[in-house]
Amino acid sequence: MLDDRAKTLLKTLIERYIAEGQPVGSRALSRYSGLDLSAATVRNVMADLEDIGLIASPHTSAGRVPTSRGYRFFVDSLLTVQPLDQEKLETIEGQLFNSQPQKVIRNASHLLSGLTHFAGVVLTPRRATPKIRQIEFVSLSETRLLLILVTTDGDVQNRLLFPTRSYSPSELITATNYLNQHFVGHDFEQIHGRVREELCKLRGDLQVLMAAALAASDEAMKLPGDRYVISGERNLLEIEEFSSNMKRLRELFDLFEQRTSLMQLLDLSRRADGVQIFIGGESGLAPLDECSVVTAPYEVDGEVVGSVGVIGPTRMAYERVIPIVDITAKLLSSALTYQAGR
C-alpha cells in the first residue's frame, strides 16, 4: 500500500513521462507535484517506488520512468478519465450512423486511429449462417457454367462449374427454378439436412447440377473472412519507442499480418465487461510487450458481438484514450442495432 504522498509523486511522474517522453527527475517532481517536499525526500520516495517495481531508472539518466506494473497501478488507482468533448462526440456519431454495417465497422476503426493517433482495430461480428436469396446458372461455354449465389445479407458469390456434359438453356432454367423454389430462404445447414431426400427425387441431369451447386456454394460460404479491421498501423512508425527499435516494429507488424493471435486477444476482451486495458506483457503476446491495448465490447440488440480497441505504446494518454474507446463501442452498438432493426 502506498501513502498519499507516494501516490501523488507516482501520478505526477507518470503524467510527466507520458507528456514529455523523458525520464523524470526529483526536481521536476518537486516542481509539478504541488507537494512541499525537499529534493532529498522526493529521492527517498522514488527509491521506495523503484524497490517495489513501480518505476525504473534507465542507465542513461538520473530520472525515472514507469514500469508496466507502475502503469497498471496508475490506471487502476490514480487515473482520472477525461470526458469526451462535444466535438469528438459529434465526429464519432456522424461517422457511425447512416451507413451500411461493414462501412460502419471500417469507419469505427478509422475513427479510433484518427482520434488517438495509434492503431485502431475492430473485431467484426461473427458471421451468421447466410441464407440463400437467389441461385442462378449462366452458361459460359459447352464445358463451363457460372454459378451465382446471392445471400440475404447481400453477399454475392460466383463459382465456376465444369460439368461432364453441356446443358441447354432450358435445362439450366429448369435447374435454376428448382433450386430457387426449394432452397431460397434456407441457410446451408437447413439445405444439407434436405439434400439426400431431394436428390433422390431428381432426374439424373438435375441431380448432377444440384450436387455441383451445393458443393461449390458450401465451399464459398466456408471461406474465412477477415475477423477484424485495423487502421492506422503507420501511426506507430511515428512513435519514438517503436521507430528506434526496428526489430520490435517488424514483430508488431507481423502480428497484424498474421492476425490469429491478436484476434484471440480481441475475442477475449469481447467476453469482458466494459473497457479492458492490457499493459505490456499482460497481453501474453511478445510483440506487444512494449504496447498497451485498450478495448471495449460492442453489442447488437443487447448481445455482445465484437470489440473495438486501440493499440499504442505503454506511454499513452490513458485518460484520453479510454473514453474514446468506450464511447466508440457504445455508439457502434447503437448504429449496428439501428441497422439491424431497419
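The rules we used
Residues numbered from 1 in each chain as written. Predicted model: local features only at pLDDT ≥ 70, side-chain atom pairs only at ≥ 80, totals over all residues. Heavy atoms only, no water. Helix = DSSP H or I, 4+ residues; strand = E, 2+ residues; numbered from the N terminus. Buried < 20%, exposed > 50% of the residue type's maximum accessible area, 1.4 Å probe, protein only. Contact = heavy atoms within 4.5 Å. Axes fitted to C-alpha atoms, helices over the stretch in contact; angles between N-to-C directions. Parallel < 35°, antiparallel > 145°, perpendicular 65-115°, else oblique. Nonpolar A, V, L, I, M, F, W, Y, C, P; charged D, E, K, R; others polar. Core = buried A, V, L, I, M, F, W, Y, C linked by side-chain atoms within 4.5 Å. Pairing = 2+ DSSP bridges.

Chemist: What is the right way to look at the overall build of the chain in this model?
Modeler: Check the secondary structure of the chain and you find 13 helices and ten strands. For the chain, buried positions account for 46% of its 342 residues. Put simply, of all contacts in the chain between residues at least 6 apart along the chain, 61% involve residues at least 24 apart.

Chemist: Is there a simple way to explain the environment of Phe162 in this structure?
Modeler: You can see Phe162 is positioned in the loop between β6 (156-161) and α7 (169-183). A relative accessible area of 58% places Phe162 in the exposed class. When the C-alpha positions of Phe162 and Arg144 are compared, they lie 4.9 Å apart, and in sequence the two are 18 residues distant.

Chemist: Even after reading the chapter, I still don't get the packing of helix α2 (residues 26-33) against helix α3 (residues 39-51), so can you show me in this structure?
Modeler: Packed helices, taken two at a time, are described by their axes: the angle between them and the distance between them. Interhelical geometry of α2 versus α3 gives an angle of 105° and a closest axis separation of 9 Å. One way to sum up the angle between α2 and α3 is to call them roughly perpendicular. Across the interface between the two elements, Ser26, Leu29 and Ser30 of α2 pack against Ala39, Val42, Arg43 and Met46 of α3. When grouped by side-chain class, the residues that make up the contact of α2 with α3 number four nonpolar, two polar and one charged.

Chemist: Looking at this structure, I do not really get the nonpolar core. What am I missing?
Modeler: The nonpolar side chains of a soluble globular protein tend to be buried with one another. In this structure, Leu96, Leu262, Leu288, Tyr298, Val308, Tyr318 and Leu332 are the most contacted members of the largest nonpolar core, which totals 77 residues. A total of ten residues in this core trace back to one element, the largest contributor, which is helix α13 (residues 318-341).

Chemist: Quick question: what am I supposed to make of the environment of Ala40 here?
Modeler: One can find Ala40 in helix α3. Residue class for Ala40 comes out partly exposed when judged on its relative accessible area of 37%. Put simply, Ala40 and Ser26 are 14 residues apart on the chain and 8.1 Å apart in space, counted from C-alpha to C-alpha.

Chemist: Even after reading the chapter, I still don't get unusual backbone geometry, so can you show me in this structure?
Modeler: Residues other than glycine predominantly adopt negative phi, and peptide bonds predominantly adopt the trans conformation. One non-glycine residue, His117, lies in positive phi territory at about 65°. Within the fold, His117 resides in the loop between α6 (101-116) and β3 (119-123). In this model, Asp301 sits at a positive phi of 55°, which is unusual for a non-glycine residue. Inspection of the secondary structure puts Asp301 in the loop between β9 (291-300) and β10 (303-313).

Chemist: How should I be thinking about the side chain of Thr314 in this particular structure?
Modeler: Relative to the elements of secondary structure, Thr314 occurs in the loop between β10 and α13. The buried category is assigned to Thr314, whose relative accessible area is 15%. Apart from the residues lying within four places of it in its own chain, the contact partners of Thr314 are Tyr71, Ile279, Gly280, Glu290, Cys291 and Ser292.

Chemist: Just to check I follow, could you spell out the side chain of Thr12 for this structure?
Modeler: Its location among the elements puts Thr12 in helix α1 (residues 4-20). Beyond its immediate sequence surroundings of up to four residues, Thr12 is in contact with Leu29, Tyr32 and Ser33.

Chemist: Can you walk me through the sheet that holds β9 in this structure?
Modeler: One open sheet accounts for five strands, arranged β7-β3-β10-β9-β8; its pairing is antiparallel. Unpaired on one side and paired on the other, β7 (228-231) and β8 (276-279) mark the two borders of the sheet. Each adjacent strand pair in this sheet contributes to an overall mean axis angle of 20°, direction not counted. Two elements, β9 and β10, share ten bridges in a ladder whose sense is antiparallel. Each residue of the ladder has a partner; that of Ala296, found in β10, is Val308. Along the sheet, α6 contacts β3, β7, β9 and β10; its crossing angle with β3, the most-contacted strand, is approximately 155°. Helix α12 (residues 260-270) rests against β3, β7, β8, β9 and β10 of the sheet, and its axis sits at about 125° to β10.

From the geometry alone we can't say anything about function, so treat these as descriptive.
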